[in-house]
Amino acid sequence: MSFLHDYAYYIGAFGLVLIGLLIVLTKHNLIKVIVGLSILDTGINMFLIAVGYIRNGTAPIFSRPGLEAGGMVDPVPQALVLTAIVIGVAVLALALGIAVRLHREYGTLDMRKIKELRW
Amino acid sequence: MIVVVASLVAVMLAAAIAALVFRDLLSSVIASCPVSLVASILFLFLQAPDVAMAEASIGAALITAVFVMAIRRTSRYEE
Amino acid sequence: MRTAFSIVVLAVVAVGIGAALLAVPFGSPKTQVGDYYNEHGRAQTGAANMVTSVVVGYRAFDTLGEVTVLFVAALGLGAVLSAAGGRSGRREVQPASLVLLAGSRFLFPMITLFGAYVFLHGHLTPGGGFQGGAVVASGFLLLYLGTRGRRVNRIGSTVAESLSGLAFVVIGLIGLTVGGRYFLSNFMPTGALNTLFSAGIIPLIYIAVGFKVGSELSGVIDDLVEETA
């Protein structure tokens, strides 16, 4: 039980990374693969934030005059994950645009069929 | 407290497995939306309110809308 | 063959990430950079939100790189989707059901106001340019859901996006001449803590980033929306 208490967030991040990688490796439809990429992205961000957590820490914002800097969580992983989330959405939108264009050109979104259609 | 966190992680993993298993593409995309939402709540428990706000607005709302619009322009089934 | 390869890759990734997670203890302090930023952030940048002071103060050059990546991705999406299916001029505005139409018209100014509040107060409360820009883009998405056939003015959106990206670089170049004489140095007064006009150039950069992200994401949504019939 203490193992679960310590590592609940780690199990969540690990499970998301594995499920996302499973979708990317074994599915054939292009939009399903992009959904898997999105889940993989969320898993990696969860892993980074879970690593940066300090026990009994508070959010790194000096909203009241009584807070001191000793009991605060690490702000650097949060800044990196903020960047990563926004770049993730931009890359996913571009990938979906390419998928729409592929469907217009080849008529199908199955990756096995697109690989066979040489130019 | 640990019961709440463990049940939220279980909901997140169940939604991710549902996104893996469903053959209808629209259902798969809608099943990936609770993954983002529960991840945003877990970010709040990990004392990261900026990241929670970014994940809720970008990951749960805009990504799902962009996916649904892309599915509308291509085929819905065939998986 | 393919299934064997994917099983091997999954096993390697699972062992790697599992070993890394077990070696990092959960909840113990690990680095000293975070402690330095927490202790000296208030005095050196003047912001109350430490994550904002890291993103826009100490590591502002990385934020400039991220804004560039966002811009290139939106540009690529516009280029990929534009050929053989361009816009066909101004169509008739066809409204949806009454509840959706009235609700979206009522909510759109409030959502935009809330997004502007989020990116104006990025140095005081949780929030900032990226979150506020995403909220503004969600308001535009609601507008698309409410009235079918109405499009955003693309020229205005492009001008707003380019001008705000230019403003970010110009603020950095002004820091090169006055102030600390390096790119993106702080040349405005730090001010008192927890007031709106404080924290140097951080509110100015976040206003530019908020406008840029908002107009960019609504441009992305506008590229993907298609008229059926």
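Higher on the page you've got the structure.
Owing to the predicted nature of the structure, the values given are computational and were not obtained by experimental measurement.

Caption draft 1: Representation of the overall build of chain A within the structure. Along chain A, the regular secondary structure elements total 4 helices and 0 strands. In terms of overall size, chain A is more extended than a compact globule, its C-alpha atoms giving a radius of gyration of 20 Å where 119 residues would be expected to give roughly 14 Å. Principal-axis analysis of the C-alpha atoms places the extent of chain A at approximately 65 × 35 × 15 Å. Considering chain A as a whole, with its 119 residues, one finds that 51% of them fall into the buried category. Counting contacts in chain A only where the partners sit at least 6 residues apart, residues at least 24 apart contribute 50% of the total.

Caption draft 2: Region of interest: the interface of chain C and chain A. In this complex, chain C contributes 39 residues to the contact, which on the side of chain A involves 37 residues. Counting only elements with at least two residues in the side of chain C that touches chain A, the list comes to helix H1 (2-23), helix H2 (33-45), helix H3 (50-58) and helix H4 (60-80) of chain C. For the side of chain C that touches chain A, the leading source of residues is H4 of chain C, giving 9 residues. Classifying every residue of the side of chain C that touches chain A by side-chain character gives 26 nonpolar, 8 polar and 5 charged.

Caption draft 3: The interface of chain A and chain B, seen in detail. Residue-level contacts link 40 residues of chain A with 40 residues of chain B. When residues of the side of chain A that touches chain B are traced back to their parent elements, those giving at least two are helix H1 (2-26), helix H2 (30-51) and helix H3 (76-106) of chain A. A per-element tally of the side of chain A that touches chain B places H3 of chain A first, with 12 residues. In terms of residue class, the side of chain A that touches chain B is built from 28 nonpolar, 10 polar and 2 charged.

Caption draft 4: Representation of H3 of chain C. Of all 9 residues in H3 of chain C, 9 are buried, a share of seventy percent or more. Among the residues of H3 of chain C, those classed as buried are Met50, Val51, Thr52, Ser53, Val54, Val55, Val56, Gly57 and Tyr58 of chain C. As for H3 of chain C, its buried residues are in contact with H3 of chain A, helix H4 (49-73) of chain B together with H2, H4 and helix H8 (202-224) of chain C.

Each value, and the rule that gives it
Residues numbered from 1 in each chain as written. Chains lettered and ligands numbered in written order. Predicted model: local features only at pLDDT ≥ 70, side-chain atom pairs only at ≥ 80, totals over all residues. Helix = DSSP H or I, 4+ residues; strand = E, 2+ residues; numbered from the N terminus. Rg over C-alpha atoms; globule rule 2.2 N^0.38 Å. Buried ≥ 20, exposed ≤ 12 C-beta atoms within 10 Å, placed from the backbone. Contact = placed C-beta atoms within 7 Å. Nonpolar A, V, L, I, M, F, W, Y, C, P; charged D, E, K, R; others polar.

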